[in-house]
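Inside the fold
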Amino acid sequence: MKKKISAYRLFVIISIIIIVVFNILARIRLFCDFYTDHIYRIWANTYGRLMGLFPVSVGELMIIAMIIVVLMAMIFSILLIFIKKEAYKSFCKGYYKVFFTLILITCLLMTFNCSIPYNCSRITFERPAKKSYSEEEIITVYNYVVSECNELYKEVKRDEDGLVCLPDNVQEEVKQALRKLSKQYPRLKGYYPNAKRIMNSFFMNQTGTIGVYFPFSLEANYIKYLSPTFLPSTIAHELAHLKGYMYEDEANFISYLACIGSDNKEVQYAGYISVLYYLEDDIATVKNKKALEKCDNRVWKDAIIYTKNALAEIESKKEFISTEVVEKLDKKFTETYMDYYGVTPNYSEVVRLMLNYYDGILY
């Protein structure tokens, strides 16, 4: 009589097959495009909606829980050297099964919510993208953004400290702006959860991260230290990831277009400010400096990621792990992560997308 395969072994076999098959399919662009446009949204509207019901970041809690699970697995393994009782061995066997199950579930979620969307076709425009743009075209886009910043500076509402006053429903404003943009980019249609504030924002700040998309919980997150002028664009950026725009330059571009297309002037202002530094880098080599419009110094004072109060709070915190160690670990993780997908964290390429987009509009 044949021995039946246990439910656990069956789950492991099926999970591994699914992970392998779909990671192979993730190398086929046509499949990735179809999946992201038609299937990925199902998870966002079901699993993502469920995660959105929780007031805190479930993804952050998952990471903390996984760290504890890994540490406990290491401790139990060491104790196995000294504890020889069968009951303890049986306990460890059960624990390792749970541990391996969690790893498989994480791999499944990463495959469906990150690996496949990562290999979609890139954003395209009606006009074929140029390989390079002239100095005049770069200056035109820069001057347009600077002009909008200078004008909106005079119109936005401010508090007694001079900080921009965002609307109380800023999350809804950003989500509505993204839905409005779905006429050009259909993937942006549908449900959006609220972006969630990271509880361990100090640790996130040590890595140099101001926002993060968690594929295993389908959540958009941001750190609590953000200034009002960087909050809307960060929320829009992470929500763009949640809609399948995994590349950083594309998420920046979607964030920019959504914010400047908002009906709220404060959100518009945040959108233009979000690309100022990237444009500054690109015009550094421009020869015709006289053609550049001057950005109001008061705008530059708004173009800060952290407020003075936030910086004071950060500086007052004691480092549980040194920032240098955290940065090295984060850099290694990012390099490994990006190498797997064959990409680089190209946030600054948003300028090229802007040049493509405004081709035929501004010049």
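These lines cover the structure that appears in this document, whether it is placed above or below. (Residues numbered from 1 in each chain as written. Predicted model: local features only at pLDDT ≥ 70, side-chain atom pairs only at ≥ 80, totals over all residues. Heavy atoms only, no water.)

1. Quick notes on helix H11 (residues 265-273)
The criterion, for reference: For the exposure calls, accessible area comes from a 1.4 Å probe over protein chains only, and a residue counts as buried if that area is under 20% of its type's maximum, exposed if over 50%, partly exposed in between. Starting at the N terminus, helices and strands are each numbered in turn, a helix being any DSSP run of H or I of at least four residues and a strand any DSSP run of E of at least two. Residues count as neighbours in contact if any of their non-hydrogen atoms are within 4.5 Å of one another. Two N or O atoms count as a polar contact when they lie within 3.5 Å, although within protein this holds only if one can serve as hydrogen donor and the other as acceptor, and sequence-adjacent residues are included solely when both atoms are side-chain atoms.
The element H11 is largely enclosed, with a buried count of 8 among its 9 residues. Those residues of H11 that sit buried are Glu266, Val267, Gln268, Tyr269, Ala270, Gly271, Tyr272 and Ile273. For H11, the elements touching its buried residues are helix H6 (135-153), helix H7 (170-181), helix H9 (231-242), helix H10 (248-260), helix H12 (276-282) and helix H13 (297-302). Structurally, the start of H11 carries an N-cap: the backbone nitrogen of glutamate 266 is 2.9 Å from a side-chain oxygen of asparagine 264.

2. Some points on the pairing of strand S2 (residues 211-214)
The test is simple: The rule for pairing is simple: two strands pair if DSSP sees at least two bridges between them.
The alternating pattern of S2 places Gly211 and Tyr213 on one face and Val212 and Phe214 on the opposite face, and all of these are buried. Alignment of S2 against strand S3 (residues 219-222), held across 4 bridges, turns out to be antiparallel. Across the sheet, residue valine 212 finds its bridge partner in S3, namely asparagine 221. Between S2 and S3, which pair antiparallel and follow one another directly, the connecting turn spans 4 residues, one of which, leucine 218, has a positive phi of 50 degrees.

3. Here we look at the packing of aromatic side chains
Applied cut-off: Two rings from Phe, Tyr or Trp (for Trp, the six-membered ring) form a pair when their centres sit within 6.5 Å of each other. Planes less than 30 degrees apart are called stacked, planes more than 60 degrees apart edge-to-face, and all others tilted. Counting as a charge over the ring demands two things of the Lys NZ or Arg CZ atom: a distance within 6 Å of the ring centre and an angle within 35 degrees of the ring normal.
Evaluation of the coordinates by the stated rule reveals 21 aromatic pairs. Taking the centre distance of 5.3 Å and the plane angle of 55 degrees together, the rings of tyrosine 277 and tryptophan 300 count as tilted. Residue tyrosine 277 is found in helix H12, and its partner tryptophan 300 is found in helix H13; the two are separated by 23 residues along the sequence. What makes tyrosine 277 partly exposed here is its relative accessible area of 42%. By the ring-pair criterion, three or more aromatic residues cluster together here, those being Phe125, Tyr144, Phe253, Tyr256, Tyr272, Tyr357 and Tyr358. One Lys or Arg, arginine 49, reaches over the ring of tyrosine 191 and ends 3.9 Å from the middle of that ring. If you follow arginine 122 out to its NZ or CZ, it ends over the ring of tyrosine 247, 3.8 Å from the centre.

4. Examining the packing of H10 against helix H16 (residues 350-357)
For clarity, the cut-off: Inter-axis angles, ranging from 0 to 180 degrees, are taken between N-to-C directions of lines fitted to C-alpha atoms, where helices are fitted over the stretch in contact. By the definition adopted for this analysis, an angle is roughly parallel if under 35 degrees, roughly antiparallel if over 145, roughly perpendicular if from 65 to 115, and oblique otherwise. In this scheme the handedness of a crossing depends on how the near helix is turned from the far one: anticlockwise by less than a right angle means left-handed, clockwise means right-handed. In this classification, the charged set is Asp, Glu, Lys and Arg, the nonpolar set is Ala, Val, Leu, Ile, Met, Phe, Trp, Tyr, Cys and Pro, and all remaining amino acids, among them Gly, are polar.
Axis separation between H10 and H16 bottoms out at 8 Å; the angle between their running directions is 55 degrees. When the axes of H10 and H16 are compared, the pair comes out oblique. At the point where H10 passes H16, the crossing takes the right-handed sense. Judged by residue contacts, Asp249, Glu250, Asn252, Phe253, Tyr256 and Leu257 of H10 engage Val350, Leu353, Met354 and Tyr357 from H16. Residue composition of the contact of H10 with H16, grouped by class: 7 nonpolar, 1 polar and 2 charged.

5. Regarding the pattern of salt bridges
Inclusion rule: By convention in these notes, a salt bridge is any Lys or Arg side-chain nitrogen within 4 Å of a carboxyl oxygen on Asp or Glu.
Under the definition given, this model contains 13 salt bridges. With a shortest N-O distance of 3.0 Å, arginine 187 and aspartate 37 are connected by a salt bridge. Here aspartate 37 lies in helix H2 (residues 29-45) and arginine 187 lies in the loop between H7 and strand S1 (196-197), a separation of 150 residues in the sequence. With a closest N to O distance of 3.9 Å, lysine 89 and glutamate 86 form a salt bridge. Here the residue lysine 89 and the residue glutamate 86 both occupy positions in helix H5 (residues 86-118), the gap between them amounting to 3 residues, near one helical turn. The partly exposed category is assigned to lysine 89, whose relative accessible area is 36%. Overall, the relative accessible area of 58% leaves glutamate 86 in the exposed class. It is possible to trace a salt-bridge network through shared partners that takes in Arg122, Asp249 and Glu250.

6. Topic: the side chain of lysine 243
Our working definition: Neither His nor the chain ends contribute to the count of charged residues, in which Lys and Arg are positive and Asp and Glu negative.
Residue position: lysine 243 is located in the loop between H9 and H10. Buried and unpaired, lysine 243 has aspartate 37 as its nearest opposite-charge partner, separated by 11 Å. From its side chain, lysine 243 meets the backbone oxygen of lysine 189 in a polar contact 2.7 Å long. For lysine 243, the side chain forms a polar contact with the main-chain oxygen of tyrosine 191, separated by 3.1 Å. With residues up to four places along the chain from it excluded, the contact list for lysine 243 reads Thr36, Tyr40, Arg187, Leu188, Lys189, Gly190, Tyr191 and Tyr192.

7. Brief notes about the sheet that holds S3
Strand order in the open sheet formed by 3 strands is S1-S3-S2, with mixed pairing between adjacent strands. Two strands in the sheet have a free side with no partner beyond their single neighbour: S1 and S2. Running at roughly 155 degrees to S3, H9 makes contact with S2 and S3 of the sheet.

8. Thoughts on a nonpolar patch on the surface
The condition is simple: Candidate patch residues must exceed 30% relative accessible area and have no salt bridge, after which like charges are joined if within 9 Å and Val, Leu, Ile, Met, Phe, Trp or Tyr side chains if within 5 Å. Only the protein chains shown count as cover for residues, and all accessible areas are computed by the Shrake-Rupley method using a 1.4 Å probe.
Side chains of Leu50, Leu53, Phe54, Val56, Leu61, Ile64, Ile68, Met72, Ile75, Leu79 and Met199 sit close together on the surface and give an oily, nonpolar patch of about 940 Å² of accessible area. Of all the elements, helix H4 (residues 58-79) adds the most residues to the nonpolar patch, at 6 residues. For leucine 61, the position within the fold is in helix H4. With a relative accessible area of 39%, leucine 61 lands in the partly exposed category.

The values reported here are purely geometric and, on their own, carry no functional implication.
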